[in-house]
Amino acid sequence: MKRSLALLLLTVSAPNLALAQDLSGAVTLGFGEHSLDDFDQDLSTASLDGRVNLAFDNGMTFGVNAGYLDVGIDGTPIGIDATFVGLEVGYRMSNGLSFGAYAEQLNGQISLLPIDLSLKTIGAEVGYTTGNLEFGMNIGRTSTSPDIGFLGDIDIDNLGLTAKYRPMENLAIAGAFQRATLSSGGTDVDVDLIGLAAAYDINEQFSVFGGYSRTSVDELDGDVTTMGLGLGYNVDLGGVASTVSLELARTDLSAGGDSTDLDTIRLGWTIPLGGAGSEAPLNSVADSIFNPRHGAVNTALTGAF
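In this text the structure is predicted, and so the values were computed from the model without any measurement. Residue positions are counted from 1 within each chain, in the order its sequence is given. Predicted model: local features are reported for residues with pLDDT of at least 70 only, side-chain atom pairs are reported and counted for 80 or more only, and whole-chain, interface and lining totals are derived from all residues. Derived side-chain values reflect all non-hydrogen atoms in the structure, with water molecules and hydrogen atoms excluded from consideration.

**Topic: the packing of aromatic side chains**
In plain terms, the rule: Two rings belonging to Phe, Tyr or Trp (six-membered ring only in the last case) form a pair when the distance between their centres is within 6.5 Å. Interplanar angles under 30 degrees mark stacking, angles over 60 mark edge-to-face geometry, and anything in between is tilted. Strands here mean DSSP runs of E at least two residues long; helices mean DSSP runs of H or I at least four residues long; both are numbered from the N terminus.
Inspection of every chain in the model, using the stated rule, returns two aromatic pairs. Ring geometry for Y91 against F99: centres 6.0 Å apart, planes inclined by 50°, an arrangement best described as tilted. Ring geometry for F206 and Y233: centres 5.1 Å apart, planes at 50°, overall tilted. Remark: Y233 occurs in strand β12 (residues 222-237) and F206 occurs in strand β11 (residues 206-217); sequence separation between them is 27 residues.

**Focus on the pattern of salt bridges**
So the rule is basically this: For this analysis, a salt bridge means a side-chain nitrogen from Lys or Arg found within 4 Å of a carboxyl oxygen belonging to Asp or Glu. Buried means the residue's accessible area, taken with a 1.4 Å probe over protein chains only, is under 20% of the maximum for its type, while exposed means over 50%, and partly exposed covers the values in between.
Counting across every chain of the model gives 10 salt bridges. Close ionic contact of K164 with E279 constitutes a salt bridge, the shortest N to O distance being 3.3 Å. Residue K164 is located in strand β8 (residues 155-168), and its partner E279 is located in the loop between β14 (258-274) and α2 (285-290); the two are separated by 115 residues in the primary sequence. Take E279: its relative accessible area is 22%, and that puts it in the partly exposed class. For E247, the salt bridge goes to R266, with nearest N and O atoms at 2.8 Å. With E247 in strand β13 (residues 240-255) and R266 in strand β14, this pair connects stretches of sequence that are 19 residues apart. For the pair E247 and R266, a shared accessibility class is recorded, and that class is buried. Here the salt bridges do not stand alone but share partners, grouping R179, D190 and D192 into one network.

**Quick word on the confidence of the model for the chain**
Heads up, the rule is: Within a predicted model, pLDDT stands for the predictor's per-residue confidence, ranging from 0 to 100. Contacts: residue pairs with any heavy atoms within 4.5 Å of one another.
The predicted model of the chain averages 86 in pLDDT, with 89% of residues at 70 or higher. Counted against residues more than four places away or in other chains, residues 1-8, with its pLDDT under 50, gives 13 contacts. Contacts of residues 147-151 to residues separated by more than four positions or lying in other chains number nine contacts, the stretch itself having pLDDT below 50.

**Quick look at the pairing of β8**
Put simply, the rule reads: Note on pairing: two strands pair once DSSP finds at least 2 bridges between them.
As judged from the 10 bridges shared by strand β7 (residues 133-145) and β8, these two strands associate in the antiparallel manner. Following the sheet pairing, R141 is matched in β8 by D157. Note that β8 and strand β9 (residues 171-184) share 12 bridges and pair antiparallel. Of the residues in β9, the one forming a bridge with L161 is F177.

Right under this line is the structure:
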């Protein structure tokens, strides 16, 4: 599965690489260990994430994003597999305005259970770049398969706002707000996420990155808060630039006055694609804010795991 995702990135983008005016992106292989309060078994994760963005002389842009996550519960045969694929097509004008469309699909499966959950999302996005500042907005709708609404079909409407700023060449800051409105049987529930992230290159070898996100559910006394701080070290492997990273993260799950912490240690190996690369490793909390997926629930899960 991991190999197939890497091949997908190459297959989709390879025919256009030679024609692209600008290429950016990265690939990250990650491993994580997670411990949950009051839970005897720890969780372990293995992930592979890749992202490629292409810009052409005629203003057209194209992007592909793919990911694979394997979650295992130590000492048990229970595990969760999830795959993600996203495609974006757009047009960038000379005045800094851009617009486009996107399509995403997230598939998840729990071992020992005969249920596969699929979330398919389509939508539109607009953006504006001026100097070192970027703004973005997206709207879309997600459909689920099989239906998961208690009263039948469930619709998920997504709204996202993003901003990036580079006050210095070696410093990047980002913010994101996302809302997912779940509608079923005449009842609407909002899931809101707000996040902040920063990445700073100390020198040519070391970098630091951090991210924060808070997800809340409308009319429920509970939220999910994730914080992560990491350190990256650049290494040269036979002429191939790469970054080895270590991140410490904590996710606090609060409900009804009670809270539980999920503590995480993540290792990552990131290979940049093109001159821009990525602000942070693709398996970090920071990257889930710098480059959020088009849905509050999906972004929150990406940051936590």
